[in-house]
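Understanding the architecture of this molecule
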Amino acid sequence: MFCDLVGSTALSTRHDPEDPRELIGDYHRAVTETVGRFDGFVAKYMGDGVLIYFGYPRAHEDDAERAVSAALAVIEAVGRLPAREDLRVRLGIATGLAVVGDLIGEGAAQERGVVGETPNLAARLQALATPNTLVIAEATRRQIGELFDLEDLGPQQLAGFAEPQRAWRVLGESGEVSRFEALRSGETPLVGRDEEIELLGRRWEQAKSGEGRVVLISGEPGIGKSRLTAALSARIESEPHTRLRYFCSPHHQDSALYPFIAQLEHAAGFARDDTADAKLGKLRALLAPGTRDDHDIALLSELLSLPSSAADLNLSPQRKREKLLEALLNQLEAEARRRPVLMVFEDAHWIDPTSRELLDLSVDRVRHLPVLLAITFRPEFQPPWGGLSYVMNLTLNRLGERDGETLVHKLAGDAALTAEIVGEIVERTDGVPLFVEELTKAVLESAGQSDRVTAVLGAASHAAQSVPPTLHASLMARLDRLGPAPKETAQIGAVLGREFSYELIEAVAQRPERELQAALKPLTDAGLLFCRGTAPHASYLFKHALVQDAAYGTLLRARRREMHARVAGVLEQHFADLVERQPELLAHHLTAAGKIERAVDQWLKAGQHAAEQSAYLEAIAHLERGLDLLQSLPESPGRDGREIDLQLALAGCLLTAKGAAAAKPPYMRAFDLAESSGSPQQRFDALYGVWQATNMSGGSAAASPLSARLLSITEDEGDDGLRLQALHSAWATSAFAGDPAKTREHTDAGRLLYDPEKHASHRFVYGSHDPGACALLLGAWAEWLLGYPEKALASSADSVSLAERIAHPFTLSLALTFGAVLHLNRREPERALSLAEAAEALAAEQRLSLPFEPGMVHGAALVVQSAAEEAIARIREGVTKSTGPGRPYGLAFLAEGLAQHGDLVGALAALQEGLEIARSSGEHGWDAELHRLAGTVLLAENKLNEGQASLQQAIRIAQVQQAKSLELRAVCDLARLWGEQGRRTEAHDLVAPVYSWFTEGFDTADLKEAKALLDQLA
Ligand SMILES: Nc1ncnc2c1ncn2[C@@H]1O[C@H](COP(=O)(O)OP(=O)(O)OP(=O)(O)O)[C@@H](O)[C@H]1O
Ligand SMILES: [Mg+2]
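Parameters and conventions
Residues numbered from 1 in each chain as written. Chains lettered and ligands numbered in written order. Predicted model: local features only at pLDDT ≥ 70, side-chain atom pairs only at ≥ 80, totals over all residues. Heavy atoms only, no water. Helix = DSSP H or I, 4+ residues; strand = E, 2+ residues; numbered from the N terminus. Rg over C-alpha atoms; globule rule 2.2 N^0.38 Å. Buried < 20%, exposed > 50% of the residue type's maximum accessible area, 1.4 Å probe, protein only. Areas by Shrake-Rupley, 256 points an atom, 1.4 Å probe, with all protein chains shown as cover. Lys, Arg positive; Asp, Glu negative; His and termini not counted. Charge placed at Lys NZ, Arg CZ, Asp CG, Glu CD. Pairing = 2+ DSSP bridges. Phe/Tyr/Trp six-rings, centres within 6.5 Å; stacked < 30°, edge-to-face > 60°. Lys NZ or Arg CZ within 6 Å of the ring centre and 35° of its normal. Salt bridge = Lys/Arg side-chain N within 4 Å of Asp/Glu carboxyl O. Disulfide = S-S within 2.5 Å. Axes fitted to C-alpha atoms, helices over the stretch in contact; angles between N-to-C directions. Contact = heavy atoms within 4.5 Å. Parallel < 35°, antiparallel > 145°, perpendicular 65-115°, else oblique. Left-handed = near helix turned anticlockwise from the far one by under 90°. Expected span 1.5 Å × (residues − 1). Polar contact = N/O pair within 3.5 Å; in protein donor to acceptor, adjacent residues only side chain to side chain. pLDDT = per-residue confidence, 0-100.

Further remarks concern the overall build of the protein. Along its length, the protein carries 46 helices and 18 strands. On C-alpha atoms alone, the protein measures out to a radius of gyration of 41 Å, which is more than a quarter above the 31 Å that the 2.2 N^0.38 rule sets for 1018 residues. Taking the principal axes of the C-alpha coordinates as reference, the protein spans close to 135 × 70 × 55 Å. Counting over 1018 residues, the protein shows a buried share of 57%. Within the structure as shown, the protein displays about 43000 Å² of accessible surface, and the carbon and sulfur contribution to it stands at 49%. Mean positive and mean negative side-chain charge positions of the protein (104 and 142 charges, respectively) differ by 3 Å.

Further remarks concern the pairing of strand β5 (residues 89-95). Counting buried positions along β5 yields seven of seven residues, so the element is predominantly enclosed. Residue alternation in β5 divides its side chains into two sets, Val89, Leu91, Ile93 and Thr95 and Arg90, Gly92 and Ala94, and both sets are buried. With four bridges joining them, β5 and strand β8 (residues 133-137) adopt parallel strand pairing. When the sheet's bridge partners are listed, Gly92 is paired in β8 with Val135.

What follows covers the packing of aromatic side chains. Scanning the entire structure with this criterion turns up 18 aromatic pairs. When the centroid spacing of 5.5 Å and the interplanar angle of 65° are considered together, the rings of Tyr788 and Trp997 count as edge-to-face. In this pair, Tyr788 is assigned in the loop between α34 (771-786) and α35 (789-805) and Trp997 in helix α45 (residues 984-997), connecting sequence segments 209 residues apart. When its relative accessible area of 17% is taken as the criterion, Tyr788 is described as buried. On the basis of relative accessibility, which here comes to 32%, the residue Trp997 falls in the partly exposed class. An aromatic cluster is defined as three or more aromatic residues linked by ring pairs; in this entry it consists of Trp781, Trp784, Tyr889, Phe893 and Trp926. A cation sits over an aromatic face here: Lys791 above Tyr788, 4.2 Å from the ring centre.

What follows concerns the pattern of salt bridges. In the structure shown here, the tally under the stated rule is 56 salt bridges. Note that Arg337 is salt-bridged to Glu333, the shortest N-O span being 3.2 Å. One end of the pair, Arg337, and the other, Glu333, are both in helix α11 (residues 317-338), four residues apart, so they sit about a helical turn from each other. Measuring nitrogen to oxygen at the nearest pair gives 3.7 Å for the salt bridge that ties Lys881 to Glu877. Placement of both Lys881 and Glu877 in helix α39 (residues 868-881) is noted, with a separation of four residues, approximately one turn of the helix.

Turning to the state of the cysteines, a few remarks are in order. Under the definition given, this model contains zero disulfides. With no disulfide partner, Cys653 has as its closest neighbouring cysteine sulfur the one in Cys774, 18 Å distant. Of the residues examined, Cys653 reaches a relative accessible area of 3% and is grouped as buried.

Across the sheet, which stays open at both edges, the three strands sit in the order β16-β18-β17 with antiparallel pairing between neighbours. In this open sheet, the two edge strands, each paired with only one partner strand, are β16 (499-501) and β17 (529-532). Going from strand to strand, the sheet's axes swing by 20° on average, the running direction of each strand aside. For β16 and strand β18 (residues 539-542), the ladder comprises three bridges, and the chain directions are antiparallel. Residue pairing in the sheet places Phe500 in a bridge with Tyr540 of β18. Where helix α20 (residues 513-525) meets the sheet, its contacts fall on β17 and β18, and the angle it forms with β17 comes to roughly 110°.

A word on the side chain of Thr95. The residue Thr95 is located in strand β5 in this model. Note on Thr95: relative accessible area 17%, which makes it buried.

In spatial order, the strands read β12-β13-β14-β11-β15; together these five strands make up an open sheet with parallel pairing. Both edges of this open sheet fall to β12 (242-247) and β15 (391-395), since each of them pairs with a single strand only. Along the sheet, successive strands turn relative to each other by an average axial angle of 15°, direction set aside. Contacting β12 and β13 (341-346), helix α8 (residues 258-268) crosses the sheet at an angle of about 135° to β12. Each of β12, β13 and β14 (371-377) touches α11; the most contacted strand, β13, lies at about 145° to it.

Given 3.6 residues per turn, any residue in an α-helix points the same way as the ones three and four places further on. Of all the residues in α8, the buried ones are Pro259, Phe260, Ile261, Gln263, Leu264 and Ala268. For α8, the secondary structure elements touched by its buried residues are β12, α9 (276-286), α10 (294-303), α11, β13 and α12 (353-366). Downstream of α8 by one or two residues, Gly269 has phi in the positive range, about 85°.

With that settled, the discussion passes to the packing of helix α37 (residues 829-846) against helix α38 (residues 854-864). Working note: a packed helix pair is described by the angle between its axes plus the distance between those axes. Where α37 contacts α38, the axes come no closer than 9 Å and their chain directions differ by 160°. The angle between α37 and α38 falls in the class roughly antiparallel. Regarding α37 and α38, the two cross each other, and that crossing is left-handed. On the side of α37, the interface is formed by Pro829, Ala832, Leu833, Ala836, Glu837 and Glu840, while α38 contributes Pro854, Gly855, Val857, His858, Ala861, Leu862 and Val864.

For the rest of this paragraph, the subject is the packing of helix α6 (residues 194-208) against helix α7 (residues 225-235). Contact geometry of α6 with α7 gives a least axis separation of 10 Å together with a crossing angle of 55°. In terms of axis orientation, α6 runs oblique to α7. α6 and α7 meet at a crossing whose hand is right-handed. Facing α6, whose interface residues are Glu196, Ile197, Glu198, Leu200 and Gly201, α7 presents Leu228, Ala231, Leu232 and Arg235.

Taking 1.5 Å per residue, 22 residues should reach 32 Å; α11 reaches 32 Å between its end C-alpha atoms and fits that length. Along α11, the positions that sit buried rather than exposed are Leu324, Leu325, Ala327, Leu328, Leu329, Gln331, Leu332, Glu333, Ala334, Glu335 and Ala336. Tucked inside the fold, the buried residues of α11 contact β12, α8, α10, β13, α12 and β14.

Take Gly269: it is sitting in the loop between α8 and α9. Residue classification places Gly269 among the partly exposed residues on the basis of a relative accessible area of 34%. A C-alpha to C-alpha distance of 19 Å links Gly269 and Leu299, two positions 30 residues apart in sequence. In contact with Gly269, other than residues within four places in its own chain, are Asp274 and Lys282.

Let us look at the environment of Glu837. With respect to the helices and strands, Glu837 occurs in helix α37. By relative accessible area, which is 40% here, Glu837 ends up partly exposed. The spacing of Glu837 and Gly855 is 18 residues in sequence and 8.9 Å in space, taken between C-alpha atoms.

Assignment of secondary structure puts Ser799 in helix α35. For Ser799, the side chain forms a polar contact with the main-chain oxygen of Ser796, separated by 2.7 Å.

What follows is about the confidence of the model for the protein. Looking at the protein, pLDDT values average 86 and 91% of them are 70 or higher. In this model residues 1-7 is a low-confidence stretch, pLDDT under 50, and it forms 33 contacts with partners more than four residues away in sequence or in other chains. Scored below 50 in pLDDT, residues 458-465 shows 14 contacts in the model against residues more than four places distant or in partner chains.

Attention shifts here to the environment of Ser761. Looking at the element boundaries, Ser761 is found in the loop between α32 (740-753) and α33 (762-765). A residue is classified by how much of its surface remains accessible, and Ser761, at 43% relative accessible area, is partly exposed. With 149 residues separating them in the primary sequence, Ser761 and Glu612 have C-alpha atoms 9.0 Å apart.

Structure representation (structure tokens):
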């Protein structure tokens, strides 16, 4: 069985094979002892070779660095073996994921198998090394930054590797730069942090005047503490001052005064091959003139392991230590007397005890010196200097979203990243600049390979590689430090998701309550998990998405599947209500568990559930996941049945969210599948969908036979639901086609069948709107055309209140839009405008795509109000955007607006365009108006014959369509012409019968105008 773990670095050492066998025991012991000090583990002894790994069972953020340091120490240790001067060792290091097996054997012979490419590469590199040298892989080099001096060996062709592998020889520790400079680029411009810089600037001013200041800069790893101190340094660069920098190191927490020693060596400019005398000279030159105290120099020389006369001072060890610290403080003080000092003390969480004591003294000493002392540390360090008046705390928080985005853009430079990718990076990195940097770099490296970008971001798959390798070690180190139980708990949590409840993890973890809580606590204490509430009602959130990813990434594939299957089981058995509320949760776990068929069914449920909440975009995403998964199932009728359901549900959502054109392909696909292997219901639904998409994309002529077929297959089926929908298709087709009488007949029949409770589900299935409300709103359209403006008004009002009652946004948006249309027809622009605006607002809020382009209706209302210029722009935009029915209607209003504006040519062109669309699509419902308006425009152009012919054509069409309201308008226009031509009686007789046909609507503008005209002609 494999452990869940990945060794990050393998180190293979092999002493010179010429050496006799009996040396091997000593050699093994030396290697084991040496690497043990760096927390490395021996996986295998193989004759004169040793395979070692770092990062397991405990990961450290600096495993690569540990491995390199350990290797250098091994060279030294082997060289020191008594009487073995001729023994030499060659080493190789590679970095990458490896699977570590169980312990095999017993006692000293125990070993673990390490599998993977990484140990192989390490062995090949080791073979490349010359005696007493170390060769490392490119991946290892990246992790150690510039901490070591290296020689580039170039790309190497190695057995077992297809691609040449770049290799580097390690020359030794560089010691020249800080950890920050060695490991982090720091090249991008500083983002944000204005206040912090400002504040540090002020402290510096105060310090310069002789009142020393201490600033304690704390924050989690990678938040930008070092970067902030670098920014301060840069800011005061041009001022005369001395900068003293001290760095603690994770490997030197037990070496006394390490940061002070390193600072002195660095400041004095010691080179690796300087002789002791040369170094002594450099030290003397460094020490400020004021401290050329011989005692101090002796003590400091001793500290730096240089020849020294300190022994002659005759001091007790205790006294000597005091004197040494005093000498170091004197150094600082002497420096400060010359010039103001910026003293940066980095990473105090790794401080050794003696340095800690000296730092305490320094904090005390700087109070009356022109010194600004900035101490950085991570939150685990508890600074004791909090209460002092000249000491200030500065806690760095994560960058805000905007700053995060800026940082990504600055890092990406000219490489264009989509807003989506930028957003994803910002989200996954939670405003920690280091994470932003690393993830952006990882994404950029994989740019051009969109699959890899997704994998790097780990959006859907949570692949192990979603965490950049440079971060993996540090994130794992944080988990590992806490011990096996918390780590395993974090892994379970990672499987559950970024956020999970105590109840859920308890059910999945299968651990006693006390144990589980004891395992969770260190995770929250370490800030890896946030906890809200107290168990058993607590919920947990991974502080960083990347911590979750890292924990998840350590699970082997088989184990992941098993865990997801377990979670799925627990959800189904014990969390039915959660599954009901969030069906996609179960779908996700079933998918990750590899239970494809059940996962597909669950994605369908998730899609339907989201659609019922009108969350169409989410629904579309869920349904598309289901369809993707379906690809991996073998051909079978069961597979097809599932696909039909998914395609139908998807098409329904697309229809609402993106419009008919988007919905048509999935409907067609469902229809094709249903013809051969669907149930009667599926066949009906697919045919209905094809009809719907056709009709709504402005194809009345093509929709007609589809609707007729729906009517015929439901004629004797006795299913009133399907019959209702067949009627629905019929009224919607005839309404646009220009047959209001048929429309009314079908809507009346539909209203009789409709029951809001019984047919509640229809509004989520058929065209995503309620058939009852649709019967009312298109019924209103028909009633007005047929000459019943009051009945139409009542029906429209009913449709709005029904839509409100059932609280269905898409239905409501339709009811409002058609309400606006009715008021337009009644020439009531204010009411029309307010309804159109309400529909637009609703559509924007709910992200709906309306079948009638709302801008068109809005513009039309403005035309009627005579706000021609704005109206023209609006309608034009609406007509251009519109893909559905209503374009002829919109063009009629556009023409009216243009004519009002004096653009008669443009008006005529718009009318011709409308008639052209009507001819090609079969949407003839507004033909009479198009001809009538053309008539008035032609008359205005003084083309009397043509104008009259157009008006007569309008009258004929209106009569054929029984569109009384349109007939009335057309006869009035013609009568006006005749009146002007002196044919008053004829004109009167033309209008009178049409007008007197009306039984209602006498206070609408059209009827009032007709009445006035009649009076005038009488
Ligand atoms: N405000 C910022 N604008 C641009 N880059 C930043 C900013 N803050 C930090 N960075 C970058 O993020 C990386 C991490 O920052 P830094 O090394 O300063 O973190 P830190 O808090 O010192 O971490 P550690 O605790 O590990 O020392 C660096 O490469 C740094 O340049
Ligand atoms: Mg730092």
